[in-house]
Amino acid sequence: MTATQTAPATATQTIEIKGSAAPFVGRAMPRVEDAALLTGVARYGDDLPVKPGTLHAAILRSPHAHADLLNIDTAAALAVSGVAAVVTGADAKRHASAFLVGIRAPMEHWCLAIDRVRHVGEPVAVVLADSRYVAEDALDRIEVRYRPLPPVTSIAQALEEGSEPLHPAVGSNLVNSRSFRYGDPEAAFARAIRTVSVEVEYPRNSCTPMECFVVLADYDAAEDAYEVLSNFSGPFAVHPVMARALNVPGSRLRLKTPPHSGGSFGNKQAVFPYVVLMGLCARVAGRPVKWVEDRLEHLMAATSATARRMRIDAAVEPDGRVLALRMEQTEDCGAYLRAPEPASLYRNHGNLTGAYDIPHLSVTNRIVVTNKTPTGLNRGFGGGQLYYGLERLMNRVAAELGLDPLDVIRRNLVAADAMPYRTASGGTLDSGDYRATLEQAVREGALDALKARRDALRAEGRIYGIGYAAVVEPSISNMGYITTVLTADERRKAGPKNGAQATASIAVDPTGGVSVTVASAPQGQGHRTVLAQVVADVFGLRFEEIRVNTDLDTGKDAWSIASGNYSSRFAGAVAGAAQVAATRLRGRMAALVAGQLNCRADDVRFAGGKVFSDANPDNSLSFSRVAAAGHWAPGTLPDGQEAALRETAFWTPEPLKAPTDADHINSSACYGFIFDFCGVEIDRPTGAVRIDRYVTMHDAGRLLNPLLVEGQILGGFAHAVGTALYEEYAYGDDGRFLSGTFADYLVPTACEVPVPVILHRESPSPVTPLGAKGVGEGNCMSTPVCLANAVADALSAVSVDEPPSLPITPAKLAALIHPPEPPRPASAPGSRESPPPTAAPGGRGLTGEGSREVPATPERVWAILLDPKELAALLPGCEALDLVGPNAYRAEVVVGIGPVRGRYTAEVALSDLDPPNTLTLTGSGTSALGSGSGTGHVTLERTAEGTRVTYRYSASVGGKVAAVGGRMLDSASRLLIGQFFEKLVARAGGPAGPTEHPSLPARLLRLLGLTQ
């Protein structure tokens, strides 16, 4: 169990009603959703029935990070039985449009590649068939010709003047740059006693929900309208983006969500390009279409958090007080600026100074594009990147000034009597006592005992450290914050954008049943539970009498562009809107019965399933009787009174305004506060990090359901542990994706995530109807840097100044802790030993060397290697080998690595011929599974028994094979080479291979596709 404690709320918004039971809001109530989830009856997108004649889609994706798209030949795929259509970029240009881009730059992003591919996994074509199996098989028959271009794989490379522009019309991979100035930072730096600086890089990471993307699309030609069901999570500001890309008005794109979603953590927002793509497919095929994303597709091409490079300078006083900050932030948004980017860079613009009272600030924001998957929403989006730099800076201030890091944090926190506090960049920190919250965490989290433990373990020679992080957690994003990327003049031309409108509808039926509908698709937060608690309290009903519907249908339900489940907006905005709607409906019902109860409407109370006068509780009506009046007897209602059947509320926080001409922006409605500290130990031999103790203190305003809050904190903490220590998007130098399975992209399990101590303090927000703030994203902002600061403290004991970049893996730490290994001894003079092979650049690198005895003369072996028929028989999986030039061949090869198997068209050449002594074999191949290239050097040496064949090879493999079969490639290459030599021995007259039944390991290897 987690250790959870809650300090008393400083205020309460619960109204005590005579005769009522204790309110539901504030109770730790189990989720009503869990029954369906745990018994397997939940209905996800893939569980829902499809229309008759529905086609199944499979997507052909680019194996190249950057290449011109020269030609697509779909004839062979269309000839496959069961294939109805193949959709390409030509269809997209005919029936769709490019997506809107969030900055003013001449770049285009289409749902299918048009003339160039810009990241591995970019959709190139879609096969539509009677089954997914047939569609997948047909993908291999599509022939695509590419002209590879130089890839751009890092922020540094994108900023180089000579880097290949991804979007030639832009002319540069720096696609946007804006500078901001608040206060007088120059004067503050001039008078400061010292300047402290940090430079950090925050890497890409993802969310990995259990359920990947699902889209079911249909096109109505008579109405020129689309109907799409998908597990899209919002924001619905993207709805007009999708409608425009489909060339229809918004009213002709009906978007629905399934009853359940298997997690999102932000990235289900990125399904929207596939909504457009499958809508296009349905139009081209004239039939409904279904597509379900697989795990490789999701890891390779769905979305990720942005990578960010930061430099921060701080003007500081001798006691650690920070007077001003100078920030440079460069954001890598991948191949395209896909909506709502650059949200990740600007979501925290109003809280750039975090929880600290720093009045002077200058900021330069840059956005670059690289040949990687486009980025998007990810739990805590933008917060982890910001606080990684800011909290590393505060730790550096303490280190350089010889101060306790905790004292530096204390001295800079915003004071309680300053609330609501206006930040330098325009945010309004709405409530809280940050210093008291910190002291409570120190006391109840037993920091003194943790420090004593550190001292004792260090005395034993162990590597142990303590880290801290103090952050504000923004929630309920202002829809106008993204427009801060535009200049004031550009914003005036576009029109103001602001607010965070949330929507809820409450209805009563003739029997008194209450239904709640909200425009927010849940992904595990417990919407139905919390909304039932809120509405039951308003009407004085039992929790079980409230029915909550979280399906969303833009054709029927009330929604706005701010609708959706993102930016921690549920408790504050969505549940608050439900309370507003329920309270209005209760007021209308009170007006209907006030005459019957002989009292004023203001005196009517709802409690215990009854409606009564506060002055005379015995004179009551049942809630169902009052509800029924509007249905059964509207003629009996008082003159001028409408039947109280339904109420819809559109609520937006008052403090959310558009950016000012001076670029001040309150980018979120309210701000929670988190203070974390932890102790970690680094294993000296291996470099492995063990989290010994983790304490996380949250002030999230009023807690609507403490049990669900605890679950959200645990989930965010687990996600953040993965970011800090395990999860890494791996790319080759040429942009090939290398971590397409959970064997390579390491997501922590329950075994790797310790149980944190969770503490609470409640400072209700004056901004939201229920006083609630966000809580689900906070640890993704605070935990990575808290762990990094603890690792930095631990490494200081072994004279290492800085922790490695995220993720902090054992290999990185071991390299810092231990001196480098001595170089390999040089070969003795006269030795014929060859230098070790080096991997080919880019992709998944493979190297190897070895030798085999062949019972034939070197001349005989040489003749076999240069005979096309003999060489075709030797190459594993070779189905055809045609001579296309002197010692040059084109081969058709079927190769299987792990769970993927495909047909490659390979170019093979023999060169550096020195008969019968040495030759070089080179090859390269492409297929729907990716591409590969390699070089092998072969030496023939005469022996008493025949010939010793010595080989050295290096190879690089990309695409699906590299992404999925990465950890099997070395074994697979050895097996394939073994097959080659077995065949060579047999062709040269040696003994045949074993005829006995294969061993169990051999059968398993064959089952995995590692042998033929």
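Nothing here was measured: the structure is a model prediction, and the numbers come from that model.

Rules behind the numbers
Residues numbered from 1 in each chain as written. Predicted model: local features only at pLDDT ≥ 70, side-chain atom pairs only at ≥ 80, totals over all residues. Heavy atoms only, no water. Helix = DSSP H or I, 4+ residues; strand = E, 2+ residues; numbered from the N terminus. Buried < 20%, exposed > 50% of the residue type's maximum accessible area, 1.4 Å probe, protein only. Contact = heavy atoms within 4.5 Å. Areas by Shrake-Rupley, 256 points an atom, 1.4 Å probe, with all protein chains shown as cover. Salt bridge = Lys/Arg side-chain N within 4 Å of Asp/Glu carboxyl O. Phe/Tyr/Trp six-rings, centres within 6.5 Å; stacked < 30°, edge-to-face > 60°. Lys NZ or Arg CZ within 6 Å of the ring centre and 35° of its normal. Pairing = 2+ DSSP bridges. Disulfide = S-S within 2.5 Å. Axes fitted to C-alpha atoms, helices over the stretch in contact; angles between N-to-C directions. Arc of directions from axis to C-beta. Core = buried A, V, L, I, M, F, W, Y, C linked by side-chain atoms within 4.5 Å. pLDDT = per-residue confidence, 0-100. Left-handed = near helix turned anticlockwise from the far one by under 90°. Nonpolar A, V, L, I, M, F, W, Y, C, P; charged D, E, K, R; others polar. Lys, Arg positive; Asp, Glu negative; His and termini not counted. Polar contact = N/O pair within 3.5 Å; in protein donor to acceptor, adjacent residues only side chain to side chain.

Caption draft 1: Representation of the overall build of the protein in the model. For the protein, the count of helices and strands is 26 helices and 36 strands. Taking all 1012 residues of the protein together, the buried fraction comes to 58%. Of all intrachain contacts in the protein linking residues separated by at least 6 positions in sequence, the fraction that spans at least 24 positions is 77%. In the structure as shown, the protein presents an accessible area of about 39100 Å², 52% of it carried by carbon and sulfur atoms.

Caption draft 2: Molecular detail of the environment of Ser796. Mapped onto the secondary structure, Ser796 falls in helix H20 (residues 778-796). Taking C-alpha positions, Ser796 is 9.0 Å from Ile463, a pair spaced 333 residues apart along the chain.

Caption draft 3: Spatial organisation of the pattern of salt bridges. Within this structure, the stated rule accounts for 55 salt bridges. Here Asp68 makes a salt bridge to Arg147, at a shortest N to O gap of 3.3 Å. Note that Asp68 is positioned in strand S3 (residues 67-73) and Arg147 in strand S7 (residues 143-148), a separation of 79 residues in sequence. Judged by relative accessible area, which is 44%, Arg147 ranks as partly exposed.

Caption draft 4: Here's a closer look at the packing of aromatic side chains. Enumeration over the complete set of coordinates arrives at 21 aromatic pairs. Both rings, one in Phe180 and one in Tyr182, keep their centres 6.4 Å apart while their planes meet at 5°; by these two values the pair is stacked. Judged by its relative accessible area of 1%, Tyr182 is buried. Both rings, one in Tyr434 and one in Phe673, keep their centres 4.3 Å apart while their planes meet at 10°; by these two values the pair is stacked. Taken together, the residues Tyr434 in helix H13 (residues 434-444) and Phe673 in strand S27 (residues 668-682) connect sequence positions 239 residues apart. In this structure, Tyr434 and Phe673 share a single accessibility class: buried. Its end group placed over the ring of Phe381, Arg347 keeps NZ or CZ at 4.6 Å from the ring centre.

Caption draft 5: Structural detail: the pairing of strand S13 (residues 289-292). Where strand S2 (residues 55-61) and S13 come together, 2 bridges link them in parallel fashion. Across the sheet, His56 pairs through a bridge with Lys290, a residue of S13. In this structure, strand S10 (residues 214-220) lies alongside S13, joined through 4 bridges in antiparallel fashion. The residue of S13 that forms the bridge with Val215 is Trp291.

Caption draft 6: Representation of the state of the cysteines within the structure. Applying the stated rule across the entire model yields 0 disulfides. In this model Cys678 remains outside any disulfide bridge; the closest cysteine sulfur is found in Cys786, 3.6 Å from its own. Relative accessible area serves as the criterion here: at 0%, Cys678 is assigned to the buried category.

Caption draft 7: Just the sheet that holds strand S20 (residues 502-508), in detail. One open sheet holds the 4 strands; their spatial order is S22-S21-S20-S26, and the pairing between them is mixed. Strands at the two margins of the open sheet, each flanked by one partner only, are strand S22 (546-549) and strand S26 (646-651). Taken over all neighbouring pairs, the strand axes of this sheet differ in orientation by 20° on average, direction set aside. In the sheet, S20 pairs with S26 via 6 bridges, with the strands oriented antiparallel. By the bridge assignment, Ile506 is partnered in S26 with Glu647. On the sheet, helix H16 (residues 527-539) packs against S20, strand S21 (514-518) and S22 and is oriented at approximately 140° with respect to S22. Packed onto the sheet, helix H17 (residues 570-597) meets S20, S21 and S26 and runs at close to 140° relative to S26.

Caption draft 8: Representation of the environment of Pro754. Inspection of the secondary structure puts Pro754 in the loop between helix H19 (706-725) and strand S29 (757-760). Using a relative accessible area of 25% as the deciding quantity, one classes Pro754 as partly exposed. Every residue in contact with Pro754, bar those within four places of it in the chain, is listed here: Ile691 and Phe717.

Caption draft 9: Layout of helix H21 (residues 810-817). Within H21, burial applies to Leu813, Ala814 and Ile817. Here the buried residues of H21 occupy an arc of 100° about the axis, which is enough to place them on one side. Away from its buried face by more than 90 degrees, H21 exposes Ala811 and Ala815. Among the structural elements, strand S19 (463-477), S27, strand S28 (689-699) and H20 are those in contact with the buried residues of H21.

Caption draft 10: Structural view of the nonpolar core. Counting residues in hydrophobic clusters, the biggest one holds 112 residues, and the most contacted among them are Leu325, Leu393, Leu413, Tyr434, Phe675 and Ile682. Beyond its immediate stretch of four places on either side in the chain, Leu413 contacts Ala355, Tyr356, Asp357, Tyr434, Arg435, Leu438, Ala470 and Phe673. Residues Val516, Val535, Leu585 and Ala594 belong to the second largest nonpolar core, which totals 58 residues.

Caption draft 11: Here's a closer look at the sheet that holds strand S9 (residues 194-202). Taken in spatial order, the 5 strands make up an open sheet running S8-S16-S15-S14-S9, and their pairing is mixed. In the strand order of this sheet, the two ends are held by strand S8 (174-182) and S9, each with one partner. The sheet shows a mean angle of 10° between the axes of neighbouring strands, direction not considered. With 8 bridges connecting them, S8 and strand S16 (residues 360-368) associate as antiparallel partners. Looking at the pairing, Phe180 lines up with Val363 of S16.

Caption draft 12: Representation of the confidence of the model for the protein. Chain-level statistics for the protein give a pLDDT mean of 89 and a share of 89% at 70 or above. Below a pLDDT of 50 lies the segment residues 6-19, which in the model reaches 27 contacts outside its immediate sequence neighbourhood of four places, other chains included. Within the model, the stretch residues 828-834 combines pLDDT values under 50 with 4 contacts to residues more than four positions away or in other chains.

Caption draft 13: Structural context of the packing of helix H11 (residues 383-401) against helix H12 (residues 405-412). Viewed as axis vectors pointing N to C, H11 and H12 meet at an angle of 115°, and their least axial separation amounts to 8 Å. For the crossing formed where H11 meets H12, the hand is right-handed. Every residue of H12 that contacts H11 at Glu391, Met394, Asn395, Val397 and Ala398 is listed here: Pro405, Val408, Ile409 and Asn412. Of the residues in the contact of H11 with H12, the class split is 6 nonpolar, 2 polar and 1 charged.

Caption draft 14: Representation of the packing of H11 against H20. The interhelical angle for the contact between H11 and H20, taken along N-to-C directions, is 35°, at an axis separation of 8 Å. As for the relative orientation of H11 and H20, their crossing is right-handed in sense. Within the contact between the two elements, H11 uses Gly383, Gly384, Tyr387, Tyr388, Glu391, Arg392 and Asn395 and H20 uses Cys780, Met781, Pro784, Val785, Ala788, Asn789 and Ala792. For the contact of H11 with H20, the per-class residue count stands at 8 nonpolar, 4 polar and 2 charged.

Caption draft 15: Highlighting the side chain of Glu762. By the secondary structure assignment, Glu762 is in the loop between S29 and H20. Among buried charged residues, Glu762 stands out as having no salt bridge; its nearest opposite-charge side chain is Arg702, 5.8 Å away. A distance of 3.0 Å separates a polar atom in the side chain of Glu762 from the backbone nitrogen of Leu703.

Caption draft 16: Quick look at the side chain of Lys290. Within the secondary structure, Lys290 sits in strand S13. The class for Lys290 is buried, based on a relative accessible area of 10%. There is a polar contact of 2.6 Å between the side chain of Lys290 and the side chain of Asp46.

Caption draft 17: Up close: unusual backbone geometry. With omega at 5°, the peptide bond leading from Ala339 into Pro340 counts as cis. The residue Pro340 is located in the loop between strand S15 (322-332) and helix H10 (343-346) in this model. The phi dihedral of Ser568 falls on the positive side, at around 50°, and the residue is not glycine. At Ser799, a residue that is not glycine, the phi angle is positive and equals roughly 60°. Within the secondary structure, Ser799 is located in the loop between H20 and H21.

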